[in-house]
Amino acid sequence: MALIEIKNLHVSVQGKDILKGISLTINAGEVHAIMGPNGTGKSTLSNVIAGREGYEVTQGSVSFDGQDLLAMPPDARARAGVFLAFQYPVEIPGVSTSAFLKTAINAKRRTEGKPEIDAMEFLKLVKAKNKALGIPDDMIKRPLNVGFSGGEKKRAEVLQMTLLEPRFAVLDETDSGLDIDALKIVSDGVNALRGPTRAFLVITHYQRLLNYIVPDYVHVMAGGRIVKSGGKELAYELEAEGYTKYLAAA
Amino acid sequence: MRLTSLLDHPFRDAYAAKFGALPGATQAWIDGLRQTARGILNTSGLPGPRVEAWKFTGLGDVVKIPFLPSSSAEDIDVREIPLGVPHIPGARRIVLVNGVLSAELSDAVNDPPGLRIGTLKHYLAREPQILKPILGGLASSGSYPMAALNTAYMSDGLVILADKNFPGSTLHIISIGAAGADPVAFHPRHIITLAAGAQLNVIETHIGLPGQSYLSNPLTEISVGENATLKRYVMVAEDNDAFHLSTAAVALAAHGTFEAFHLVVGGGKVRQEVAVAMNGAGATCRINGLYALTGKQHHDLTTVIDHAVGHGTSSQLVKGVVDGQSHGVFQGRIHVAKDAQKTDARQLHKALFLSKGPEVDCKPELEIFADDVQCAHGAATGEMDPNHLFYLMARGIDADTARAMLVSGFLEDAIATISDELVRAAFSDLVQSWLKRRAA
């Protein structure tokens, strides 16, 4: 069965139609990439999946593991296993990264009927994951994302994803603002999570990221629609030819 | 500018009978200070709404209450320190009941070498020569309306003198307001003087017992010597029917440091005025704070920082959360004199609305007469940022928990400016209990 099924999704923002009939089926174990020019609705799609306010679904549906995702509040979606790696993670002064991570992990564990993680276990777990992502241990003592560099913010997003072990993760322009070293670290973090029970939707403007996170399917989005789908080779074609012909078609 | 008159009020008559009994009444210089103060009160009264500095904090309700003077701890029997007073490990507790020292409730310890602590009464009676050059020197009755009221009726207070290079100590002054059958007012006068190189931490807790209304009107004159450091952390958790109108006048000598934090979690009407004269080059002043208001509480923090000479640094971060029908006020004036080059002055006030009912007024005033300075001020008031809320919820945290985390974070961000670790922890606990009370 499909893990995520998007059917004829139409979304408007402040009365303006942004998504004009997106249909996409992603099975467990698959990595899909959506590429497209700026302003075409890629981030709208990720926000609608995660449940951000301000987006009006005028038609269509999104189901996750058979449940109506759009009927769930954002926190319930996350606890059910949906994760959005933000393009622009917000800085929240006064909230420590560690307290935030622990609260998020325990919210999920309670939903799953598991006992809450204690402080020692939590530290041990985070330290192990930090090491793989090249995150200094003292970063989690700092206020959430405050003063983090662009690369640190993206690594912190991947750390959160690693700790929360979602079943479906959307990566929204995770490559933006990353140098090649950071890109590699972030990609390794994502690749480590790939597996038969988990699916990814990687949203990007550039083909570069897909050299590191190699997708099973690539979709081209333009004008609020998916205008072409193919295998990973489609990404190379786009890199060589640009989006112009799709823009004209949209 | 006689706009509201205190002295047409029973308040005055109740006090008149006490004049002769006030400490120092037989000494001409003290009597002179009091006469001047009373003269000012007679002509000006208490500030009304048309006095610019008081336009957000009206005293109309104060002058309607027939306060009686409370001049002795024996007026009311307080046998224990109330719950809600923070525990500061290692701090020496000095307890005042209605502005008068309670030896019974205070820690019985000797002053360490280099530090002298006594009551105003004691110094006026035994060593007036020490007070004569200090008292009224920083806070004259003409400068601050509440100073006039304090000076006219001050009956006791604490005198804290740290000698040169005194290595440091932590005092916790606990002020308990307690009215008996009638509303009472008290006007404690405190002196804190640090000689060159001295270090001192002073925590003040202002707390009240439920009952009749009381008016606490403390005035503190603070002098920080060259290279000396005073950290003054003030916590106000007065009773909801109480008035707290405090004034602190601070003078900083060269390379002196004054760090203040004002935490306000209780009180009916609270106004704290802090004026700092940065008289010596290279001085540092930090006045940070936070207020958390519910119901009909009113809080006003008014600061005046005067960069009189160059190379001084001042910073202020004041945050507030407001709920119910409460009213928060922050007024911050920064004056940089013509010769105060290389001044670095920063000020930021942020208020978070937890509901639609409260009001917040912010009035920053920068008066800069020097040209080679860095000055910045900012103010932001608003509701919780929906992007912050969404971020937390997108990680599986439910809406109520996420909101509580964000309010807590908003406040903890201010608490983080407290450099003393033990006070930071204690004040953080107070904020967390405030949040729990609100959630309950």
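None of these values were measured; they are calculated from a predicted model.

A. Looking closely at the overall build of chain A. Within chain A one finds nine helices and twelve strands. Here chain A, with 250 residues, has 52% of them falling under the buried criterion. Partitioning the intrachain contacts of chain A with sequence separation of at least 6 by distance along the chain shows that 68% fall at a separation of at least 24. A total accessible area of about 10,800 Å² is found for chain A, and carbon and sulfur atoms account for 51% of it. Across chain A, 30 positive and 29 negative side-chain charges occur, with their mean positions spaced 2 Å apart.

B. Inspection of the packing of helix 7 (residues 399-415) of chain B against helix 8 (residues 421-439) of chain B at higher detail. Residue and element names in this part refer to chain B. At a minimum axis distance of 10 Å, the contact between helix 7 and helix 8 shows a crossing angle of 155°. Considering the angle they form, helix 7 stands roughly antiparallel to helix 8. For the pair helix 7 and helix 8, the crossing hand works out as right-handed. Facing helix 7, whose interface residues are Val407, Ser408, Leu411, Glu412 and Ile415, helix 8 presents Arg424, Phe427, Ser428, Val431, Gln432 and Leu435.

C. Expanded view of the confidence of the model for chain B. Summary statistics for chain B give a mean pLDDT of 92 and a share of 95% for residues scoring 70 or more. Scoring of the predicted complex yields 0.88 for pTM and 0.96 for ipTM.

D. Just the environment of Gly168(B), in detail. One can find Gly168(B) in the loop between strand 5 (158-162) and strand 6 (170-177). For Gly168(B) and Gln199(B), which are 31 residues apart along the polypeptide, the C-alpha to C-alpha distance reads 4.5 Å.

E. Quick look at the sheet that holds strand 2 (residues 92-97) of chain B. Residue and element names in this part refer to chain B. Read across the sheet, ten strands follow the order 3-2-6-9-12-14-16-18-20-22 without closing on themselves; strand pairing throughout is mixed. The open sheet has two edge strands, strand 3 (100-101) and strand 22 (374-382), and neither has a second partner. Two strands pair when backbone bridges link them, and strand 2 and strand 3 are joined in this way by two bridges, in the antiparallel orientation. Paired with Leu96 across the two strands is Leu101, which belongs to strand 3.

F. Inspection of the pattern of salt bridges at higher detail. With the rule as written, the count across this model stands at 32 salt bridges over all chains. Where Lys269(B) meets Asp61(B), a salt bridge forms, and the shortest distance between an N and an O atom there is 3.0 Å. Placement of Lys269(B) in strand 15 (residues 269-278) and of Asp61(B) in the loop between helix 2 (28-44) and strand 1 (68-69) is noted, with a sequence separation of 208 residues between them. With relative accessibility at 11%, the residue Lys269(B) sits in the buried group. The partner of Glu367(B) in a salt bridge is Arg333(B), with the nearest N and O atoms 3.8 Å apart. Pair noted here: Glu367(B) is in strand 21 (residues 359-368) and Arg333(B) is in strand 19 (residues 327-336), with a separation of 34 residues, a long-range link. By relative accessible area, which is 25% here, Glu367(B) ends up partly exposed. Since its relative accessible area comes to 30%, Arg333(B) is described here as partly exposed. Residues joined in a network through salt bridges with shared partners are Lys228(A), Glu237(A), Glu241(A) and Lys245(A).

G. Structural view of the layout of surface pockets. By volume, the largest pocket amounts to about 930 Å³. Lining the largest pocket we find 34 residues, and of these Met384(B), Leu389(B), Ala399(B), Arg403(B) and Ala404(B) sit closest to its centre. Sorting the residues of the lining of the largest pocket by element identifies strand 7 (92-96) and helix 3 (97-111) of chain A together with helix 6 (386-393), helix 7 and helix 8 of chain B as the ones contributing at least two each. With nine residues, helix 7 of chain B is the largest single contributor of residues to the lining of the largest pocket. Looking at side-chain class alone, the lining of the largest pocket contains 16 nonpolar, ten polar and eight charged residues. Of the voids in this model, the second largest pocket is the one considered here, and its volume is about 600 Å³. Lining the second largest pocket we find 33 residues, and of these Ala53(B), Ser143(B), Tyr144(B), Pro145(B) and Glu273(B) sit closest to its centre. Elements with a minimum of two residues in the lining of the second largest pocket: helix 2, strand 13 (243-252), strand 15, strand 17 (298-307), strand 19 and strand 21 of chain B. It is strand 15 of chain B that contributes the most residues to the lining of the second largest pocket, five residues altogether. Looking at the lining of the second largest pocket residue by residue, the class counts come to 16 nonpolar, ten polar and seven charged.

H. Up close: the interface of chain A and chain B. The interface of chain A with chain B comprises 29 residues on the first partner and 19 residues on the second. Interface of chain A and chain B: buried area, both sides summed, is about 1,900 Å²; carbon and sulfur atoms make up 71% of it. Across the chain A-chain B interface, the total number found is one salt bridge. Among the ionic pairs, Arg395(B) bridges to Glu157(A), the shortest N-O distance being 2.7 Å. In this assembly, chain A and chain B are joined by ten residue pairs in polar contact (both at pLDDT 80 or more). Among the elements of the structure, helix 1 (42-50), helix 2 (74-80), strand 6 (82-85), strand 7, helix 3 and helix 5 (150-164) of chain A are those that each provide at least two residues to the side of chain A that touches chain B. When residues of the side of chain A that touches chain B are assigned to their parent elements, the largest contribution, five residues, is made by helix 3 of chain A. Looking at the side of chain A that touches chain B residue by residue, the class counts come to 18 nonpolar, six polar and five charged.

Calculation notes
- Residues numbered from 1 in each chain as written.
- Chains lettered and ligands numbered in written order.
- Predicted model: local features only at pLDDT ≥ 70, side-chain atom pairs only at ≥ 80, totals over all residues.
- Heavy atoms only, no water.
- Helix = DSSP H or I, 4+ residues; strand = E, 2+ residues; numbered from the N terminus.
- Buried < 20%, exposed > 50% of the residue type's maximum accessible area, 1.4 Å probe, protein only.
- Contact = heavy atoms within 4.5 Å.
- Areas by Shrake-Rupley, 256 points an atom, 1.4 Å probe, with all protein chains shown as cover.
- Lys, Arg positive; Asp, Glu negative; His and termini not counted.
- Charge placed at Lys NZ, Arg CZ, Asp CG, Glu CD.
- Axes fitted to C-alpha atoms, helices over the stretch in contact; angles between N-to-C directions.
- Parallel < 35°, antiparallel > 145°, perpendicular 65-115°, else oblique.
- Left-handed = near helix turned anticlockwise from the far one by under 90°.
- pLDDT = per-residue confidence, 0-100.
- Pairing = 2+ DSSP bridges.
- Salt bridge = Lys/Arg side-chain N within 4 Å of Asp/Glu carboxyl O.
- 1 Å grid on protein atoms, 1.4 Å probe; cavity = no way out; pocket = protein on both sides within 12 Å on 5 of 7 lines; lining within 4 Å.
- Points joined across faces, edges and corners; volume = space filled by probe spheres on them.
- Nonpolar A, V, L, I, M, F, W, Y, C, P; charged D, E, K, R; others polar.
- Buried area = accessible area lost by both parts, 1.4 Å probe.
- Polar contact = N/O pair within 3.5 Å; in protein donor to acceptor, adjacent residues only side chain to side chain.

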